[in-house]
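Next come the chains, spelled out residue by residue.
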Amino acid sequence: MVIDVVRASTTIVTALAHGAAAVHPAATVAEARAAARRLGPGAILGGERGCVRIAGFDLGNSPAEYTADRVAGRPVVITTTNGTAALAACADAREVLVGALVNRAAVAAAARRLAAGDGGAVHLVCAGTDGVATADDVLAAGAILAAAARDPGGADDDLDPGALAARDAFARLAAAPEADLPAALAARFAAAPGGAHLVALGMGDDLARCARIDAWAVVPRLDRAGGALVAS
């Protein structure tokens, strides 16, 4: 399960929730352009480098851009600084899902279903920023683990030290006196490197969009045949 909560994971979930036919992740700008040409004139080309929309692309990486009137029924090609690189690194996994706060309960349940058949491990892969783990993705992973623990069998999950730390970090925030958990999460995002950069660029509104817990029941799942993420 790849997690890049600010913003690629949230944007991919939002695009599929708004009816995109599929989301084709690309590791590089050149690969994204080639995929869009292959898919034809109906394809939407989206992505960013350094949080800024790539020149000549239709959309950037804000979930606010991936509205139904822009993406419904159309294939989306996306490349981002961290999220799509993490997806590429997971290409050999038996199953690949995309997790975020906006689909945390749905993706937790989907991961448990997929792993139940053979008792396989679920790896939560935090994309981080420029190869360094960041608090925003760790908090999102912890939120997903908290949701998974409420499913049948969750009490017996075998969590490694990183997963335990993520779950506990989210639990501490959720137990804090802040009445509005999404607002508390957005504030934590703003303190992380990626979130701070967004704020500096005037894109801080995206942090609240990325902190909306369980907004969607859509789970992006990699379709091996087409190499694209589809709604599960």
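Structure: above.
Residues numbered from 1 in each chain as written. Predicted model: local features only at pLDDT ≥ 70, side-chain atom pairs only at ≥ 80, totals over all residues. Heavy atoms only, no water.

Next up on the list: the pairing of strand β5 (residues 75-79). The buried fraction of β5 is high, at five of five residues. Burial along β5 is two-sided: the residues P75, V77 and T79 and V76 and I78 are all buried. Where strand β2 (residues 22-25) and β5 come together, four bridges link them in parallel fashion. Among the inter-strand pairings, P25 is bridged to a residue of β5, identified as I78. Sheet topology places strand β3 (residues 44-49) next to β5; four bridges connect them, and they run parallel. (Buried < 20%, exposed > 50% of the residue type's maximum accessible area, 1.4 Å probe, protein only. Helix = DSSP H or I, 4+ residues; strand = E, 2+ residues; numbered from the N terminus. Pairing = 2+ DSSP bridges.)

What follows deals with helix α1 (residues 8-17). Taken across its 10 residues, α1 has nine buried, putting it largely inside the fold. Along α1, the residues classified as buried are A8, S9, T10, T11, I12, V13, T14, A15 and L16. Residue G19 follows α1 closely and has a positive phi angle near 95°.

Before going further, it helps to spend a moment on the pattern of salt bridges. Proximity of charged atoms lets side chains of opposite charge pair with each other. This structure, assessed with the given rule, holds six salt bridges. For R7, the salt bridge is made with D206, and the minimal N-O distance between the two is 2.8 Å. With a gap of 199 residues between them, R7 in the loop between β1 (2-3) and α1 and D206 in helix α10 (residues 205-210) connect regions that are remote in the sequence. Under the relative-accessibility criterion, R7 is labelled buried at 4%. Its salt-bridge partner being R104, residue D214 comes within 3.3 Å of it at the nearest N-O pair. Taken together, the residues span a long stretch of sequence, with D214 in the loop between α10 and β8 (220-223) and R104 in helix α5 (residues 104-116) at a distance of 110 residues. (Salt bridge = Lys/Arg side-chain N within 4 Å of Asp/Glu carboxyl O.)

Look at α5 against helix α6 (residues 135-149): their axes get within 8 Å of each other, and the N-to-C directions meet at 65°. As for the relative orientation of α5 and α6, their crossing is right-handed in sense. Residues R104, A105, V107, A108 and R112 of α5 lie in contact with α6, whose contacting residues are A143, I144, A146, A147, A148 and A149. Of the residues that constitute the contact of α5 with α6, the class distribution is nine nonpolar, no polar and two charged. (Axes fitted to C-alpha atoms, helices over the stretch in contact; angles between N-to-C directions. Left-handed = near helix turned anticlockwise from the far one by under 90°. Contact = heavy atoms within 4.5 Å. Nonpolar A, V, L, I, M, F, W, Y, C, P; charged D, E, K, R; others polar.)

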